[in-house]
Amino acid sequence: PKLGVVSLRDTDSIFARYYDTQPLVAIATQVMSPRPRFIEPTPLDLAQFHTAVDCAFQIGLRGADRSLASKRLIGAAVLIRPTRYREKDGIFRDGLVPGVSLSHAEAGSDFETAMSWTPRRDQEGRAFTMCFAVQESHGLVSTLGGSSERCFELTVVRCRKCARPGESLNHIALLLGSEWLTVWSFNPQIKMPQELLDGALVNTSLAYKVFVGDSLATISMRFGTTVKYLLAINAHLTAGGTLMEDDIICVLPNQIALDGCPAQARSTTFEKLEEQYVPVDYFDNPFNWEDIQWTDLGGKPVKTQNPDYPQIPARKVGKQPGYSLPPSVLV
């Protein structure tokens, strides 16, 4: 090697001896090359994580020089850098996934940073592998094996998102072309829809697993929606695409589209009003003001005025018609 240039591995040590005859002296020293390593709380290599659209996601990364402090090379420092990333099984690229950042920290014998990411709407349903390396900040050593790099697998789940500051269920529903009551029905954990907390995880629709034989047309018919609407809330789908078994797609009943349907044609079957069956419920017989019996052989309701309506307080019993209580009962 050139004078003054030393090529080291992170398992090497440097020995130096100085000898002088005037006066007679011999000095020997030994220093260890820097040994940058990941330490806790850095997740293990190939650890898997799941997040959702608009969710603030963080991974803590920490590295240190693991050489002996008494033999540590003065001036050496470690830091953590992003190295590469890829989507699913694609080709690795240098750098970071768009939108990912590392917090700033000064290089030293102990280095700590955090990877931060808030996935965007167009990243929903996508899976990424992100890799980071812990290195000596001056490039003094090369690390043997894969101990200096760790890769993490991150998946942005479908059909969920985190509420942004000031966002409401009504705002989320309008972006999806739906109604807030529909979105609320998917979120039993939300007790007060008008008080949606910032960062709260919200189910934006139903997550449907594709089965053999499914198509966009059959799924839209099953859930009362349209193919066009399924494509609108599933950015990864195309009209001519093929659904794969076990794929997850988002399904949301399109209430606005259903409300816009034209009224059905009137029935051509004519029935007399007294022959039409009207279910007995609150709106048909409020406060039970009629007494209804089903004694007619033709199935028609037999209605008579309820003698106990209006319901007079019980203390009036015996003085005027009221509750059908024995006259001896006094309150």
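Parameters and conventions
- Residues numbered from 1 in each chain as written.
- Predicted model: local features only at pLDDT ≥ 70, side-chain atom pairs only at ≥ 80, totals over all residues.
- Heavy atoms only, no water.
- Helix = DSSP H or I, 4+ residues; strand = E, 2+ residues; numbered from the N terminus.
- Buried < 20%, exposed > 50% of the residue type's maximum accessible area, 1.4 Å probe, protein only.
- Contact = heavy atoms within 4.5 Å.
- 1 Å grid on protein atoms, 1.4 Å probe; cavity = no way out; pocket = protein on both sides within 12 Å on 5 of 7 lines; lining within 4 Å.
- Points joined across faces, edges and corners; volume = space filled by probe spheres on them.
- Nonpolar A, V, L, I, M, F, W, Y, C, P; charged D, E, K, R; others polar.
- Disulfide = S-S within 2.5 Å.
- pLDDT = per-residue confidence, 0-100.
- Core = buried A, V, L, I, M, F, W, Y, C linked by side-chain atoms within 4.5 Å.
- Salt bridge = Lys/Arg side-chain N within 4 Å of Asp/Glu carboxyl O.

## Considering the side chain of serine 67
In step 1: Here serine 67 shows up in the loop between strand S6 (57–65) and strand S7 (78–87).
In step 2: You can call serine 67 buried: its relative accessible area is 4%.
In step 3: Among all residues touching serine 67, those that are not within four sequence positions of it are Met32, Ser33, Arg35 and Arg72.

## Digging into the layout of surface pockets
In step 1: By volume, the largest pocket is sized at about 500 Å³.
In step 2: Contributing to the lining of the largest pocket are 27 residues, with Lys88, Gly125, Arg126, Arg158 and His236 lying nearest its centre.
In step 3: For the lining of the largest pocket, the elements supplying multiple residues, two or more each, are strand S13 (149–162) and strand S16 (248–251).
In step 4: Looking at which element gives the most residues to the lining of the largest pocket, the answer is S13, with four residues.
In step 5: Taken together, the residues of the lining of the largest pocket sort by class into twelve nonpolar, seven polar and eight charged.
In step 6: If you add up the space inside the second largest pocket, you get close to 320 Å³.
In step 7: Taken together, the residues of the lining of the second largest pocket sort by class into eight nonpolar, two polar and six charged.

## Looking at the state of the cysteines
In step 1: Overall, the coordinates contain three disulfides when judged by the stated rule.
In step 2: With its sulfur 1.9 Å from that of its partner, cysteine 55 forms a disulfide with cysteine 162. One quick way to see it: the torsion about the S-S bond of cysteine 55 and cysteine 162 is about 85°, and its sign makes the bridge right-handed. One end of the pair, cysteine 55, is in the loop between strand S5 (47–53) and S6; the other, cysteine 162, is in strand S13, and 107 residues separate them in sequence.
In step 3: What makes cysteine 55 buried here is its relative accessible area of 8%.
In step 4: Residue cysteine 131 pairs covalently with cysteine 151 via a disulfide, S to S 2.0 Å. Across the S-S bond of cysteine 131 and cysteine 151 the torsion is about 105°, and the bridge reads as right-handed.

## Focus on the confidence of the model for the protein chain
Should the pLDDT be low somewhere, the predicted coordinates at that spot are not to be read in detail.
In step 1: Residues at a pLDDT of 70 or more form 77% of the protein chain, whose mean pLDDT is 80.
In step 2: In this model residues 311–318 is a low-confidence stretch, pLDDT under 50, and it forms 16 contacts with partners more than four residues away in sequence or in other chains.

## What about the nonpolar core?
Considering soluble globular proteins, one finds that nonpolar side chains tend to be buried as a cluster.
In step 1: The biggest cluster of nonpolar side chains holds 22 residues, and the ones touching the most others in it are Met115, Trp117, Met130, Phe132 and Leu154.
In step 2: Those residues within four positions of methionine 115 in sequence are excluded, and the remaining contacts are Phe57, Gln58, Ile59, Leu61, Val100, Ser101, Leu102, Met130, Phe132 and Leu154.
In step 3: Core analysis: the second largest hydrophobic core is formed by 15 residues, Ala163, Leu176, Leu196 and Ile233 among them.

## Looking at the pattern of salt bridges
In step 1: Applying the stated criterion to the full structure yields eleven salt bridges.
In step 2: Of the charged contacts in the structure, one is a salt bridge between arginine 164 and glutamate 167, with a shortest N-O distance of 3.4 Å.
In step 3: Overall, arginine 164 belongs to the partly exposed group, its relative accessible area being 39%.
In step 4: A salt bridge links aspartate 214 to arginine 222; its shortest N-O distance comes to 3.4 Å.
In step 5: Overlapping salt bridges, with partners in common, bring together Asp54, Lys161, Arg164 and Glu167 in one network.

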